[in-house]
Each structure stands twice: as C-alpha cells, then as structure tokens.
2 protein chains.
Amino acid sequence: MKYEIRAAKEDDCKDVSRMIMELAVFEKMPDQVAISSKELQRDGFCQNPLFQCLVAEVPEEHGSKDGHTVVGYSLYFYTYSTWKGPTVYIEDLYVMPDFRRDGIGQALMTKVAQVAKEKRCVRLQLAVLDWNSPARDFYAAKGGQDLTVSQGWHFIRFDGQALEDLVLNAPKD
Amino acid sequence: MKYEIRAAKEDDCKDVSRMIMELAVFEKMPDQVAISSKELQRDGFCQNPLFQCLVAEVPEEHGSKDGHTVVGYSLYFYTYSTWKGPTVYIEDLYVMPDFRRDGIGQALMTKVAQVAKEKRCVRLQLAVLDWNSPARDFYAAKGGQDLTVSQGWHFIRFDGQALEDLVLNAPKD
C-alpha cells in the first residue's frame, strides 16, 4: 500500500489524539487519557515543542472505513544518557489495525532513527507492556534489547499525591 | 549537616562527571561511560540544553576526604506523556556514600519535584535496577510506584548496530 511518512502538522493533532485513545484502549487503560488535541497543539507546536511527531498518511481512496487517511503515528522526544550523551525516546508508536503488515510501523521507526542520527543520538529507547507480544516481537526482531529482562531496569513513577508529597517535603533552608 | 541544593553551573561538570562514574561503578557498568565533563558542558550549558542538573554542595570544612564539596547531583530532563502531558524524568540521582542519611537525596528529589510542578509536569519518572534495594526502598517509601511490577512495562533499547540497521532499513519512497 502507498503511504507517506511525514512530520505532523498542527492540523494532525485531532488524528493523533484519536489514535492516542485507540492505543490506550488496546493497552487497557483508556480512562488514563487526560489530554486532547488542544493540549497536543499547545505542547507540540510552540517555539520549544515538548515532543516531535511523525504521521503515516495514505491516499484518500485507501483511507479507513471511517474515512481517516492519517493511519499511524510516532511521538518521540529527545532525552539524555549520562553515559552516552543525546538519546531519543519513542513515547508512542501506533498503526491502525487495518493498516498493519504493510511496513508502516517499520517506516515510522526508521524515520525516527534517521532523525535521531541527525541529532547525534546514539540510542533509541521505548517502553512496552510485557503482555504485548506482537510489539515485543516486532522490536526484538529489529535488534531492540529488553533491558528490564537483561539488566533488571524497572520504571518508577511519582504522580498525584506522591508528587505533591515530594514537593511539600521540602527540607528547611 | 549543612548543605545547599542549587542549579549546576558549567564549572560543576567536572564534579558531576566524577559522580556519574562513581554511580556507574556502583551499578557495575563503569565501562559504559563514554562521555566526559566536556560533553556535559556542551550538551547542558548551551542555548537549548539537553538536560537540567542540580547539585548538592557542602561547606569546605565538611568536604569529602578527597576535598570534594559537590557531593550529590540530580540530572533530569523534560519528557511527555500522550495521556497526561508534560512530565519530568530523572536520569540520575546520586549522593556520595559518606554523605547519605542526611536527607540530601530527599532534598534533590524535592527540588526536582518543585521545578517539575512549576513546569506543569504531572509526573516524575525514573528507572532503578532490580537489585538496588536501597534505591527501590527509598523511592517506594516516598510513594513511587514500580510500573514494571504493577503494569508490566519493560525498557527496550536500540543502540550500536541495531540503531544503524533501523536507519538503513529505510522503505523505498
């Protein structure tokens, strides 16, 4: 199938927001999505954007049943390793189910890797759920190492009250 | 013990670089450290810095045996959640062994959380090694959730040849 991988434009935020929800539904956490296309526009299309985004677009005649032509996205940002220097992190990589197995996911990964290389990044990282075998197999087949398995790295998160508590536990000056 | 938590200055990079190596030795991966204070200066003290850094400093009379007064650091950067919006990620949090149990680690965490809140971040995240019980206990006691245990998130990394292969596997236009 013909498709184009390109940088997301502000107008794509509605499509990206729709697919963020589709991915959250697949990940069984749809109630966790608290931001909409408005916040994506504000945060990603300002002078110092908080993220970068690529989309995959198909011609109108090959669009989805619902008439969508933006059928995949990859949202990423630049991070930093104190051991290696600049790195890139893919927050989301998603292709709509009817458009898989055409290499669109691979093309999105490749484009992020190319951008990463241009920016001198020596690593590309992401997170995947342990029960998401198709995604784990996809990354493993491309040479991605599972650092949680091989080195024992765990994700720790503070949010809600835990984050408030951290803020308030300020030591006396 | 008296100490000050402050933003790192360019001159602190030598101390931060020394402590990055100390942390890597503790994490049993000292051969992984490929960057030095020079790269930290270049990447963190430019117009669009790739990371932020705080240091903990003690008065000269309370310095380390080797005469160091910068005895801890926290290096972090801004990330993005497609579910929640702006977030912050702590890449490293370290306090020299002789200066632990004085609340310096807590003070560094609190300062990052305060900065995060100012920047509208609703999450603070980090990674920890499964065998590093003191760190895991420290974060758990402060309300940090282990997402690898509770939700099954795994870290995936592409670097070296795997990253090169991604770049080269460009689909034909």
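Description of the structure in this document. This one's a predicted model, so the numbers in the text were calculated from it and none came from an experiment. Every residue gets a number counted from 1 within its own chain, in the order that chain's sequence is written. Each chain gets a letter, beginning with A, and each ligand a number, beginning with 1, in the order they are written. Under the rules for a predicted model, residues below a pLDDT of 70 receive no local features and side-chain atom pairs below 80 are neither given nor counted, while totals for whole chains, interfaces and linings still include all residues. Side-chain numbers come from the whole structure's heavy atoms, not from hydrogens or water.

## What about the relation of the copies chain A and chain B?
Piece 1. Our superposition of the copies is a least-squares fit, built on the C-alpha atoms of residues whose pLDDT is at least 70 in both. For the match of chain A to chain B, the screw axis carries a shift of 0.0 Å, the RMSD comes to 0.0 Å, and the turn is 180 degrees. The two molecules are tied by a two-fold rotation axis, judged by turn and shift.
Piece 2. Working rule for contacts: check all heavy atoms of both residues, and any pair within 4.5 Å makes them a contact. When the interface residues of chain A are mapped onto chain B, 100% of them are again interface residues, pointing to one common binding face.

## Comments concerning the sheet that holds strand β2 (residues 52–57) of chain A
Piece 1. DSSP bridges decide pairing: two strands pair if at least two such bridges lie between them. Here a helix means four or more residues in a row that DSSP labels H or I, a strand means two or more in a row labelled E, and each is numbered from the N terminus. The strand order across the open sheet formed by 7 strands is β1(A)-β2(A)-β3(A)-β4(A)-β5(A)-β7(B)-β6(A), and the pairing between neighbours is mixed. Strands with a single pairing partner mark the edges of an open sheet, and in this sheet they are β1 (4–7) and β6 (145–146) of chain A.
Piece 2. The pairing of β1 of chain A with β2 of chain A spans 4 bridges and is antiparallel. Residue pairing for β2 of chain A: E4 of chain A is matched across the bridge by E57 of chain A.
Piece 3. Here the axes come from fitting lines to C-alpha atoms, over the contacting stretch only for helices, and the angles between their N-to-C directions go from 0 to 180 degrees. On the sheet, helix α1 (residues 13–26) of chain A packs against β2, β3 (70–81) and β4 (85–95) of chain A and is oriented at approximately 85 degrees with respect to β3 of chain A.
Piece 4. Across the sheet, helix α6 (residues 160–168) of chain B touches β5 (123–129) of chain A together with β7 (153–159) of chain B, and the angle it forms with β7 of chain B is around 80 degrees.

## Some thoughts on empty space enclosed by the protein
Piece 1. A 1.4 Å probe that fits into a set of points on a 1 Å grid over the protein atoms alone but cannot get out defines a cavity; an open set with protein on both sides within 12 Å along at least five of seven lines defines a pocket, and lining residues are those with an atom within 4 Å of a point. Grid points are joined across faces, edges and corners, and a volume is the space filled by probe spheres set on the points. Applying the stated criterion across every chain, the model contains 2 cavities of 30 Å³ or more.
Piece 2. When its volume is computed, the largest cavity comes out at roughly 40 Å³.
Piece 3. Forming the boundary of the largest cavity are A8, K9, D12, C13, V16, L40, F45, F51, C53 and L75 of chain B.
Piece 4. For this classification, Asp, Glu, Lys and Arg are treated as charged, while Ala, Val, Leu, Ile, Met, Phe, Trp, Tyr, Cys and Pro are nonpolar and the rest, including Gly, are polar. Classifying every residue of the lining of the largest cavity gives 8 nonpolar, no polar and 2 charged.
Piece 5. In this model, the second largest cavity occupies a volume close to 30 Å³.
Piece 6. Every residue along the wall of the second largest cavity is listed here: A8, D12, C13, V16, F45, F51, C53 and L75 of chain A.
Piece 7. The residue inventory of the lining of the second largest cavity, partitioned by class, reads 7 nonpolar, no polar and 1 charged.

## What about the environment of G152 of chain B?
Piece 1. You can see G152 of chain B is positioned in the loop between α5 (147–150) and β7.
Piece 2. According to the relative accessible area criterion, G152 of chain B is buried, its value standing at 2%.
Piece 3. Taking the C-alpha atoms as reference points, G152 of chain B and Y3 of chain B, 149 residues apart in sequence, are found 38 Å from one another.
Piece 4. The contact partners of G152 of chain B, leaving out residues within four places of it in the chain, are V128, L129 and D130 of chain A together with L147 of chain B. Here's how the labels work: a residue is buried when its accessible area is under 20% of the maximum for its type, exposed when over 50%, partly exposed in between, all with a 1.4 Å probe on protein chains only.

## A few points about the sheet that holds strand β6 (residues 145–146) of chain B
Within a sheet, each strand pairs with its neighbour through backbone hydrogen bonds, oriented either parallel or antiparallel.
Piece 1. Pairing in this open sheet of 7 strands is mixed, and the strands run β1(B)-β2(B)-β3(B)-β4(B)-β5(B)-β7(A)-β6(B) from one edge to the other. The sheet terminates laterally at β1 (4–7) and β6 of chain B, the two strands that pair on one side only.
Piece 2. With 10 bridges joining them, strand β3 (residues 70–81) of chain B and strand β4 (residues 85–95) of chain B adopt antiparallel strand pairing. Each residue of the ladder has a partner; that of F77 of chain B, found in β4 of chain B, is Y89 of chain B.
Piece 3. Here helix α3 (residues 104–118) of chain B sits on the sheet and contacts β7 (153–159) of chain A together with β1, β2 (52–57), β3, β4 and β5 (123–129) of chain B; the angle it forms with β4 of chain B, its principal contact strand, is near 160 degrees.

## A few points about the packing of aromatic side chains
Working definition: an aromatic ring pair is given by the centre-to-centre distance plus the angle between the planes.
Piece 1. Each Phe, Tyr or Trp ring (for Trp, its six-membered ring) is paired with any other whose centre lies within 6.5 Å, and the angle between the two planes then decides the class: stacked below 30 degrees, edge-to-face above 60, tilted in between. What the rule picks out here adds up to 15 aromatic pairs over all chains.
Piece 2. Measuring from ring centre to ring centre gives 5.7 Å for F26 of chain B and W131 of chain B, while their planes differ by 55 degrees; the resulting arrangement is tilted. Of the two residues, F26 of chain B sits in helix α1 (residues 13–26) while W131 of chain B sits in the loop between β5 and α4 (133–141), which places them 105 residues apart along the sequence.
Piece 3. Through successive ring pairs, a cluster of aromatic residues spans F138 and Y139 of chain A together with F158 of chain B.

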